[in-house]
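Survey of secondary and tertiary structure
Residues per chain, in single letters:
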Amino acid sequence: MADSQLADNVHQVLESALDAGEGLLRLSPTWVPRSFLHPGKRIRLHPDDYYAYGAERGGIDERWFASTTDAANEGRVWHEGQSFAVFGGKRFLLKDAIQEAGPRMIGQAMWDEYQRWPVYSKFFDNMGPIPHHMHQGFEDAKLVGQEGKPESYYFAPQYNNCDNNFPYTFMGLEPGTTKAQVRACLERWDKGENGILDLSKAYRLKRGTGWLIPPGVLHAPGSLCTYEPQWGSDVFGMYQNLVEGRVVPWSLLVKDMPEEKHQDLDFIVEQLDWERNVDPNFKANNYLEPITAASGEGWRDDWIVYGLVDGAQLFTAKRLTLEPGAKCELRDPGASGWITVQGKGRIGSLALQTPTMIRFGQETEDEVFITHEAATRGLEVENTGSEPLEGLRYFGPNTFDSVPNVGDAS
């Protein structure tokens, strides 16, 4: 759809869309390329379209959901990372819809505190491992006018029909690792593999489970396709200089650090949350197994992302599964972004259909934004197909009075 078809009167088209959708908005796919990565080719994009932004931009290995966050890519198109709502042949930014009708869209409390939808989620789908990296904490990100980025993983079986090249993720640092050892790795940046992974530990990735990764924690994601609810930021620093023979430029280590600190190795090491990286109980404190939140005849709603980051409930996610013919009333205390990962059916008045293959620029029926208004009123979800209907939905900060703690599933 050409930019000239963007809704020039968001208020009018938004009111019509919300009325017709009973508080739900249909969202179109948001594709994001990464110049330094290799697409895993499991996110249902047509094989001819993985380089739709141009070969120089790199392959598309991410699809973002209900996003009002810009992708921090060089050479980006103006709306890269932003989700569009579609209605009546027109499209408009979800970001603009929330600015237009914030309390109705995300609830009064979230609107008053953030004046935006401060989270997003995505599929991240890579053929192999990516560099050992971290996302800055809020105080460090503030030094460059950005926000920190805690994030989470869930490995949806429906998007992991194969393991690809390395279904393991290095996380944190071995207990006993010193800052001097990490500094020495940075000193070896231009002398071949810098050895940062020698200081870490890899965990095998398991479909249907996940991880909660606080900011400042090193991780080198492996090759399962991940669903990643996270804070609405795209900051990172890559501490590994060579991956599968590909050179990682120094600029990707320091891109979100103050320019005067780009060669300050001590400063770069100090951006790591040291205690969390060397935690001897790293898995116990970060690993997530599903926990059933509610169930009924033919349906089950599971927590898949939960827990607190520095004592704060920043984002959470649930997985709703309905057997063929089943219905349930979905009622949440706040807004969410929904992506259908299996089957067909409906949510409220909107059809749901999981695509087999998507052309770049094509609209689909698998993604929905559930407004605060619709979520709190309640809406019916029905499986009209012959296989399970499954949808993932993620929520913003402080949506729930309480959530399970990491480790409660054990």
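As a starting point, this report considers the structure included with it. Remember, predicted model here, so these are calculated numbers, not experimental data.

Conventions adopted
- Residues numbered from 1 in each chain as written.
- Predicted model: local features only at pLDDT ≥ 70, side-chain atom pairs only at ≥ 80, totals over all residues.
- Heavy atoms only, no water.
- Pairing = 2+ DSSP bridges.
- Helix = DSSP H or I, 4+ residues; strand = E, 2+ residues; numbered from the N terminus.
- Axes fitted to C-alpha atoms, helices over the stretch in contact; angles between N-to-C directions.
- Contact = heavy atoms within 4.5 Å.
- Phe/Tyr/Trp six-rings, centres within 6.5 Å; stacked < 30°, edge-to-face > 60°.
- Buried < 20%, exposed > 50% of the residue type's maximum accessible area, 1.4 Å probe, protein only.
- Lys NZ or Arg CZ within 6 Å of the ring centre and 35° of its normal.

**Some details on the sheet that holds strand 20 (residues 299-305)**
- Taken in spatial order, the seven strands make up an open sheet running 1-26-23-28-21-20-19, and their pairing is antiparallel. Looking at which strands have only one partner, the edges of the open sheet turn out to be strand 1 (24-26) and strand 19 (291-296). This sheet shows a mean twist of 25 degrees between the axes of neighbouring strands, independent of strand direction.
- Relative to strand 26 (residues 367-370), strand 1 runs antiparallel, the two being bridged by three bridges. Residue Leu24 lies in a different strand from strand 26, and its bridge partner there is Ile370.

**Notes on the environment of Tyr203**
- Along the polypeptide, Tyr203 turns up in strand 10 (residues 201-204).
- The spatial distance from the C-alpha of Tyr203 to the C-alpha of Tyr168 is 5.4 Å, given a sequence separation of 35 residues.
- The residues touching Tyr203, leaving out its near neighbours within four places in the chain, are Pro167, Tyr168, Thr169, Met171, Trp211, Phe282 and Lys283.

**Considerations on the packing of aromatic side chains**
- Tallied over the full model, the rule gives 21 aromatic pairs.
- Seen in terms of ring centroids, Tyr153 and Phe155 are 6.1 Å apart; in terms of plane orientation they differ by 55 degrees. Their pairing is tilted.
- Note on Phe166 and Phe170: the rings are 6.2 Å apart at their centroids and 5 degrees apart in plane angle, and the pair reads as stacked.
- Take Phe166: its relative accessible area is 26%, and that puts it in the partly exposed class.
- Look at Phe170 and you get buried, because its relative accessible area is 16%.
- A network of ring pairs unites the aromatic residues Phe65, Phe123, Tyr159 and Tyr227 as a single cluster.
- Sitting over the ring of Trp31, Arg63 keeps its end group 5.6 Å from the ring centre.
- One cation-aromatic arrangement involves Lys318 over Trp303; the distance from NZ or CZ to the ring centre is 4.4 Å.

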